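An overview of the molecular structure
Here's the letter readout for the chains.
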Amino acid sequence: MNTWIIGARPRTLPAAVVPVALGAAAAVGIGTMTWWRVAACLIVSVALQVGVNYANDYSDGVRGTDDVRVGPTRLVASGLASPAAVKRAAFVSFGVAAVAGLAIALDTSLVLLVVGAAAIAAGWFYTGGPKPYGYLGLGEVFVFVFFGLVATVGSTYAAVGKITALSVVVGCVAGSLACALLVINNLRDIPTDRDVGKRTLAVRLGDSRTRSFYVLLIVAAFVLIGASAAWRPLTLLGMLAAPLAVAPIRTVLGGASGGALIPVLGGTGKLQLAVGLATTIGLALGG
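Residues numbered from 1 in each chain as written. Predicted model: local features only at pLDDT ≥ 70, side-chain atom pairs only at ≥ 80, totals over all residues. Heavy atoms only, no water.

**What to know about the overall build of the protein chain**
Counting its regular elements, the protein chain contains 13 helices and zero strands. Secondary structure elements of the protein chain, listed N to C terminal, follow the sequence α-α-α-α-α-α-α-α-α-α-α-α-α. In terms of overall dimensions, the protein chain is globule-like: its C-alpha atoms have a radius of gyration of 18 Å, near the 19 Å expected for 287 residues. Overall size of the protein chain, expressed as C-alpha extent along the three principal axes, is 50 × 45 × 30 Å. In the protein chain, once contacts between residues fewer than 6 apart in sequence are set aside, the share between residues at least 24 apart is 76%. Summed over all atoms, the accessible surface of the protein chain reaches about 12000 Å², with 71% contributed by carbon and sulfur. Seen as two clouds, the 20 positive and the 10 negative side-chain charges of the protein chain have centres 6 Å apart. (Helix = DSSP H or I, 4+ residues; strand = E, 2+ residues; numbered from the N terminus. Rg over C-alpha atoms; globule rule 2.2 N^0.38 Å. Contact = heavy atoms within 4.5 Å. Areas by Shrake-Rupley, 256 points an atom, 1.4 Å probe, with all protein chains shown as cover. Lys, Arg positive; Asp, Glu negative; His and termini not counted. Charge placed at Lys NZ, Arg CZ, Asp CG, Glu CD.)

**Some thoughts on the state of the cysteines**
Under the criterion given, the structure shown has zero disulfides. No disulfide involves C172; its sulfur sits 10 Å from the nearest other cysteine sulfur, which is in C179. (Disulfide = S-S within 2.5 Å.)

**Regarding the side chain of T210**
You can see T210 is positioned in helix α11 (residues 207-228). Here T210 is in contact with V183, L187, I190, A202 and L205, once residues within four sequence places are set aside.

**Focus: the environment of G29**
Within the secondary structure layout, G29 lies in the loop between α2 (14-27) and α3 (35-63). For G29 and A180, which are 151 residues apart along the polypeptide, the C-alpha to C-alpha distance reads 31 Å.

**Considering the packing of aromatic side chains**
Applying the stated rule across the entire model yields nine aromatic pairs. A centroid spacing of 5.7 Å and a plane angle of 75° characterise the contact between W4 and Y54, whose relative ring orientation is edge-to-face. Placement of the pair is W4 in helix α1 (residues 2-8) and Y54 in helix α3, with a sequence separation of 50 residues. Residue classification places Y54 among the buried positions, given a relative accessible area of 7%. Grouped by ring-pair contacts, the aromatic residues Y126, Y133, F142, F146 and F147 constitute a single cluster. (Phe/Tyr/Trp six-rings, centres within 6.5 Å; stacked < 30°, edge-to-face > 60°. Buried < 20%, exposed > 50% of the residue type's maximum accessible area, 1.4 Å probe, protein only.)

**What about the packing of α3 against helix α7 (residues 139-160)?**
Contact geometry for α3 and α7: axes closest at 9 Å, N-to-C directions at 165°. Looking at the two axes, α3 sits roughly antiparallel to α7. Crossing of α3 against α7: the hand is right-handed. Along its contact with α3, which presents R37, V38, C41, S45, L48, Q49 and V52, the element α7 presents F142, F147, A151, G154, S155, A158 and A159. A breakdown of the residues in the contact of α3 with α7 according to their chemical character gives nine nonpolar, four polar and one charged. (Axes fitted to C-alpha atoms, helices over the stretch in contact; angles between N-to-C directions. Parallel < 35°, antiparallel > 145°, perpendicular 65-115°, else oblique. Left-handed = near helix turned anticlockwise from the far one by under 90°. Nonpolar A, V, L, I, M, F, W, Y, C, P; charged D, E, K, R; others polar.)

**A look at the nonpolar core**
By size, the foremost hydrophobic cluster in this structure holds 54 residues, and its most contacted members are Y54, F142, Y214, I218, L271 and V275. For this core, the element with the most residues is helix α8 (residues 165-188), which contributes ten residues. Look past the residues within four positions of F142 in its chain and what remains in contact with it is V52, A119, A122, G123, Y133 and F147. Counting residues in each nonpolar core, the second largest holds eleven residues, with A24, M33, C41 and I104 among its members. (Core = buried A, V, L, I, M, F, W, Y, C linked by side-chain atoms within 4.5 Å.)

**Some details on the pattern of salt bridges**
What the rule picks out here adds up to five salt bridges. One salt bridge in this structure joins R74 and D60, with 3.7 Å as the shortest N-O distance. Remark: D60 occurs in helix α3 and R74 occurs in the loop between α3 and α4 (75-78); sequence separation between them is 14 residues. Among the residues examined, R74 registers a relative accessible area of 6% and is labelled buried. The class of D60 is buried, set by a relative accessible area of 2%. Across the pair K198 and D60 runs a salt bridge whose closest N-O atoms are separated by 3.3 Å. Of this pair, K198 sits in the loop between α9 (190-195) and α10 (201-205) while D60 is found in helix α3, placing the two residues 138 residues apart along the sequence. The same class applies to K198 and to D60, which are both buried. When salt bridges with common partners are traced through the structure, they connect D60, R74 and K198 into a single cluster. (Salt bridge = Lys/Arg side-chain N within 4 Å of Asp/Glu carboxyl O.)

**Focus on the packing of α8 against helix α13 (residues 262-286)**
Between α8 and α13, the least distance of the axes is 9 Å, while the angle of their chain directions is 170°. The orientation of α8 with respect to α13, classified from their angle, is roughly antiparallel. Here α8 contributes L166, V170, V173, L177, A178, A180, L181, I184, N185 and R188 to the contact with α13, which in turn contributes I262, V264, L265, T268, G269, L271, Q272, V275 and L283.

**Quick notes on the environment of Y157**
Within the fold, Y157 resides in helix α7. Classification of Y157 as partly exposed rests on a relative accessible area of 21%. In this structure the C-alpha to C-alpha distance between Y157 and I30, which are 127 residues apart in sequence, comes to 11 Å.

This is how it looks when you write it as structure tokens:
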């Protein structure tokens, strides 16, 4: 059981929870909330995140990308689980997401089936398939779209049957912070990714510009929180989390590399949770 918990990478799960919370909070006050659909959105988002983690573990493991690794343990590369078992775990997780998503679609719009299928396909082909787009520097696009905009706007739609401009803006907040986590992960892995031909955005940008990009994403999240105050001023409660950004940004701009960036991942995760919680409270109170 501990092996599979390690493979699920629970520290990445805030990236799945925060957008659903923001989307649900953005729906408060604009219609009758259907809470079971919000719960189903959470299942979809978390199961998709876990599925992506297992899929990446499998695909990178069989390619040998993770043979030399600084970050958290991967199941296939470390030999803790067979490639076939990790692949099954990925598809079971995607299956859970599909079932929950089907329930939402049947009660709202069948168009969501297309969105869900795209999300699962994007999760698998991030590092899977003959030409994984994560190896081409497009991973941040996937994260921003599906763990930012789609998860947030989709949760608002599932809750009240409407898409709002506010949900789009706070979806960009979630997407920016989720991308910041991926950017740090890829910054840490630039040397090993470059050696195995994994052309992530960090590899393409280079060390210095990747560090600047990380800071830009954090700043963008707070700028967008400020923009969301045009609809609900209490969303400015999200600004209370800003001090948590200081240490990670200072470490990144200070030139930390390799294992020294692992605490930045933890700090960015805490920032993401704090921003999510405070902004969610502000959205709900202001609705």
